[in-house]
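Structure at a glance
One-letter residues, chain by chain:
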Amino acid sequence: QAQLVESGGGLVPPGGSLRVSCASSESIRRYNNMAWYRQAPGKEREFVARISSGDYTGYADSVKGRFTISRDFSKSTIYLQMNSLKPEDTAVYYCNFGGTCTSPGRLWGQGILVTVSS
């Protein structure tokens with residue numbers, strides 16, 4: 001089973017940008033759906049963005065127009081570019097592989113903290 005490792009989190013001021021990465025130990029070509037989820041303090045984990053075969057992308061309404069999901073097959077890595085960050089974007093961000101359009105798969109990264117604060 002592949003292992004997923006997130007990187008790139010940290011502290012960023014409101015309005016700033018940050019890119020988080022998720023590197024897989026195996027080729028990502030085998031996965032039809034790869035996604036980002038997040039969990040804010042005291043809240044349930046929620047869907048953020050998804051990229052599917054054929055390069056289809058989908059986003060939660062709360063991040064649409066600000067976040068962009070992408071992937072690099074040569075590096076077996078997916079990315080989440082986050083712009084115009086807001087304090088409510090503060091959360092632990094998790095990558096997830098192998099899910100469907102409506103539910104996550106069983107393969108999760110360990111999570112990485114993104115804090116938006118001045």
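Our subject in this report is the structure included herewith.

Calculation rules
Residues numbered from 1 in each chain as written. Predicted model: local features only at pLDDT ≥ 70, side-chain atom pairs only at ≥ 80, totals over all residues. Heavy atoms only, no water. Helix = DSSP H or I, 4+ residues; strand = E, 2+ residues; numbered from the N terminus. Rg over C-alpha atoms; globule rule 2.2 N^0.38 Å. Buried < 20%, exposed > 50% of the residue type's maximum accessible area, 1.4 Å probe, protein only. Contact = heavy atoms within 4.5 Å. Areas by Shrake-Rupley, 256 points an atom, 1.4 Å probe, with all protein chains shown as cover. Lys, Arg positive; Asp, Glu negative; His and termini not counted. Charge placed at Lys NZ, Arg CZ, Asp CG, Glu CD. Disulfide = S-S within 2.5 Å. 1 Å grid on protein atoms, 1.4 Å probe; cavity = no way out; pocket = protein on both sides within 12 Å on 5 of 7 lines; lining within 4 Å. Points joined across faces, edges and corners; volume = space filled by probe spheres on them. Nonpolar A, V, L, I, M, F, W, Y, C, P; charged D, E, K, R; others polar.

1. Section: the overall build of the protein chain
Helix and strand content of the protein chain: zero helices and 11 strands. Listing each helix as α and each strand as β along the protein chain from the N terminus yields β-β-β-β-β-β-β-β-β-β-β. Here the C-alpha atoms of the protein chain give a radius of gyration of 13 Å, agreeing with the 13 Å that 2.2 N^0.38 yields for 118 residues. For the protein chain, the spread of C-alpha atoms along the three principal axes comes to 40 × 25 × 25 Å. The buried share of the protein chain, reckoned over its 118 residues, is 47%. Contacts spanning at least 24 positions in sequence make up 54% of the contacts within the protein chain whose residues lie at least 6 apart. Put simply, the protein chain shows about 6,200 Å² of open surface, and 47% of that area lies on carbon and sulfur atoms. For the protein chain, the distance from the average site of its 13 positive side-chain charges to the average site of its 9 negative ones is 3 Å.

2. A few points about the state of the cysteines
The tally for this structure, following the rule as stated, stands at one disulfide. Linked covalently through their sulfurs, cysteine 22 and cysteine 95 form a disulfide whose S-S length is 2.1 Å. Between cysteine 22 and cysteine 95 the sulfur-sulfur dihedral comes to about 60°; the bridge is accordingly right-handed. Taken together, the residues cysteine 22 in strand S3 (residues 18-24) and cysteine 95 in strand S9 (residues 91-97) connect sequence positions 73 residues apart. This cysteine, cysteine 101, is not joined by any disulfide, and cysteine 95 carries the nearest cysteine sulfur, 18 Å off.

3. Quick notes on empty space enclosed by the protein
Tallying each qualifying case throughout the model produces one cavity of 30 Å³ or more. Volume-wise, the largest cavity comes out at about 40 Å³. Grouping the amino acids of the lining of the largest cavity by side-chain chemistry returns four nonpolar, five polar and one charged.

4. Some remarks on the environment of phenylalanine 97
With respect to the helices, strands and loops of the structure, phenylalanine 97 is situated in strand S9. Each C-alpha atom, one on phenylalanine 97 and one on methionine 34, is 4.5 Å from the other, the two residues being 63 residues apart in sequence. If near-sequence neighbours (up to four positions away) are discounted, phenylalanine 97 is found in contact with Leu4, Cys22, Ser24, Ile28, Tyr31, Asn33, Met34, Ile78, Gly105, Arg106 and Leu107.

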